[in-house]
Amino acid sequence: MPEAWFMGVALVTGFLLFSKPPLLPRQRAGGAGGARVAVVIPARNAQRTLPFLLADLLEQTQVPEEIVVVDDSSSDATVEVARRAGATVIEAGPLPEGWTGKAHACQKGADATSAPLLVFLDADVRLAPDAVERMVACSGPGRLVSVAPHHRVESPYEHLSLPFNVVSWMGTGFAAARPFRRARGAFGPCLVIRRSDYERIGGHAAVTGDILDDVALAERAVAEGLRNVIFAGSETVRYRMYPDGVRSLVEGWTKNIAAGGARVGRLRSLAVALWIGGLLSASLGLLSPSVHTFGWYAAFAAQVGLFSHRVGNFRAWASLAHGLLFWFFVAIFLRSAVRSWLLRRVTWRGREVPLGSRAP
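Keep in mind that what you see is a predicted model, and the values were worked out from it rather than measured.

K.L.:
How should the sheet that holds strand β7 (residues 150-151) be read in this particular structure?
P.N.:
The strands making up a sheet are joined through hydrogen bonds of the backbone, oriented either antiparallel or parallel. Taken together, 3 strands build an open sheet; the order of strands is β5-β10-β7 and the sheet is mixed. The sheet is open, and its two edges are formed by β5 (125-127) and β7, each paired on a single side. In terms of strand pairing, β7 meets strand β10 (residues 237-239) through 2 bridges, oriented parallel. By the bridge assignment for β10, histidine 151 is matched with tyrosine 239.

In C-alpha cells:
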C-alpha cells in the first residue's frame, strides 16, 4: 500500500508539473505590431546548421531588417556560409575575462544593431514562415519572451535527450497546471525583447559569467520589473539538438542540467525529484515482474509518451524505455553536479568554461 501511494502521488505530481503548455500565439493584443526587427545569432562552429536558419529568416512573412551573425572564434566555415547567405557577420573577438562565449557574442550582436526589437536565436533553430511575425505579435514593452523549441530527433541516440527536455520544461514552470503555472527562467535558443528593455536590464553584460545566461537574464528582467513569458514552439520554432553524436549530447547536458536544477526553486525541485523517483521506482519494479509492477510502469510510460509528444517528435519506443532513459538522466545529472558544483568547470564546443561567482 505505501508503494502504491507513492507511485500515485508521483504520477499526479507529473501532471501538475506538466500540463498543456501555452503555444506561441498568432496575434496578441498590445504586441509590437510592425516593429523593425534585428536578429542576433551567436555562432560557434555552426556551418552545419546555420545555412538552414538563415534561409528560414529570408523566407519569413516579416523579414527582419537586420540579420547579424556573431562568429565566436569558429574553426570551421561558419563565417563563409553566413556571408554567402547575405547575413552581416561580425567577429566576437577575444573572450574577455569573466564572460561566457555566448553572452559575449549576444552582447556584441546587440551592440551592432539598431532595430527596436531584438530577437536572439541559436544557430540550430528552424523557423516556420510566420515565426518572426508571431514573435513580434507576442512581444511588447516590459516583456521578456522566450520560446521553447520543438525538439526534432532523427537518430536513435538523440532520444536520450527526452528526459532532459521534459525536466527542463517542468523546471521553468511555464507548462505547469494552473494555478501552479509560473514562468521561471527562459529558453535561450529563442529570446525576444525590446531594445529599450534590454538596455534597461543591462543586456547580457549583466550576466557575463553565468553559464545559464538565459536563466540569469530572465531573473534580471523580473528583478527590474519586466514580465517573463514563455511559449512552446511546436512546429513554429524547432531545433535538432546534438546531431554530432552521443559525446556532444553528454557534453551539452552536462554543461547545464545540474546548474539549472539549482535555480529552479526548492519546492519545484522537490516535486520534480518526486516524479522522477516514481519513474525510477516503477522501472526497478520490473526486476520482480507482476501485474502490479507492469501496471505502474505502463502508467508512467503513457505519461512520458504524452509529455514527449509535446516537447518533440520522440518515438513511442522511447516512452516504453523510459526507465533506461531516466537512469541515464540521473547519471548525467550527477556528472553535471560534480563538474558544476565541485570542479567549477564545464566543457562546451571545445572550450573550457570556468564557473565563477554568479553575475550581480
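K.L.:
Help me understand the confidence of the model for the protein, please; the structure alone is not making it clear to me.
P.N.:
Low-pLDDT stretches of the model should not have their predicted coordinates read in fine detail. Averaged over all residues, the pLDDT of the protein is 91; the fraction at 70 or higher stands at 92%. By mean pLDDT, the top-scoring element of the protein is strand β4 (residues 117-121) (98), and the lowest-scoring one is strand β12 (residues 351-354) (64).

K.L.:
How should the pairing of strand β9 (residues 227-232) be read in this particular structure?
P.N.:
Within β9, 5 of the 6 residues are buried, which leaves it mostly tucked inside the rest of the structure. Inspection of the sheet shows strand β6 (residues 143-148) paired to β9 by 6 bridges, in the parallel sense. Note that in β9 the partner of arginine 143 across the bridge is arginine 227.

K.L.:
I'm lost on the sheet that holds strand β3 (residues 88-91) in this one. Help?
P.N.:
Pairing is mixed in the open sheet, where 7 strands are placed in the order β3-β2-β1-β4-β8-β6-β9. At either margin of the open sheet sits one strand with a lone partner, and together these are β3 and β9. Neighbour to neighbour, the strand axes of the sheet diverge by 20 degrees on average, direction disregarded. Sheet topology note: the strand β1 (residues 37-43)/strand β2 (residues 66-71) ladder contains 6 bridges and is parallel. Opposite alanine 43, over in β2, you have aspartate 71 as the bridge partner. With respect to the sheet, helix α4 (residues 101-111) is in contact with β1, β2, β3 and β4, its orientation differing from that of β1 by roughly 150 degrees. Relative to β4, helix α5 (residues 131-138) is tilted by about 130 degrees, and along the sheet it contacts β1, β4, β6, β8 (190-194) and β9.

Thresholds applied
- The numbers attached to residues start from 1 for each chain and follow its sequence in the written order.
- This being a predicted model, a pLDDT of at least 70 is required before a residue's local features are given, and a value of 80 or more before pairs of side-chain atoms are given or counted; all residues contribute to the totals for chains, interfaces and linings.
- To obtain the side-chain values, all non-hydrogen atoms of the structure were used and water was disregarded.
- A pair of strands is considered paired only if DSSP assigns at least 2 bridges between the two.
- Helical segments are the DSSP runs of H or I of at least four residues, strand segments are the runs of E of at least two, and each set is numbered from the N terminus.
- Per-residue confidence from the prediction method is given by pLDDT, with values spanning 0 to 100.
- Exposure classes here rest on a 1.4 Å probe applied to the protein chains alone. A residue is buried below 20% of its type maximum, exposed above 50%, and partly exposed in between.
- Note on geometry: axes are lines fitted to C-alpha atoms, helical ones only across the stretch in contact, with angles between N-to-C directions running from 0 to 180 degrees.
- Contact criterion: two residues are considered in contact whenever any of their non-hydrogen atoms come within 4.5 Å of each other.

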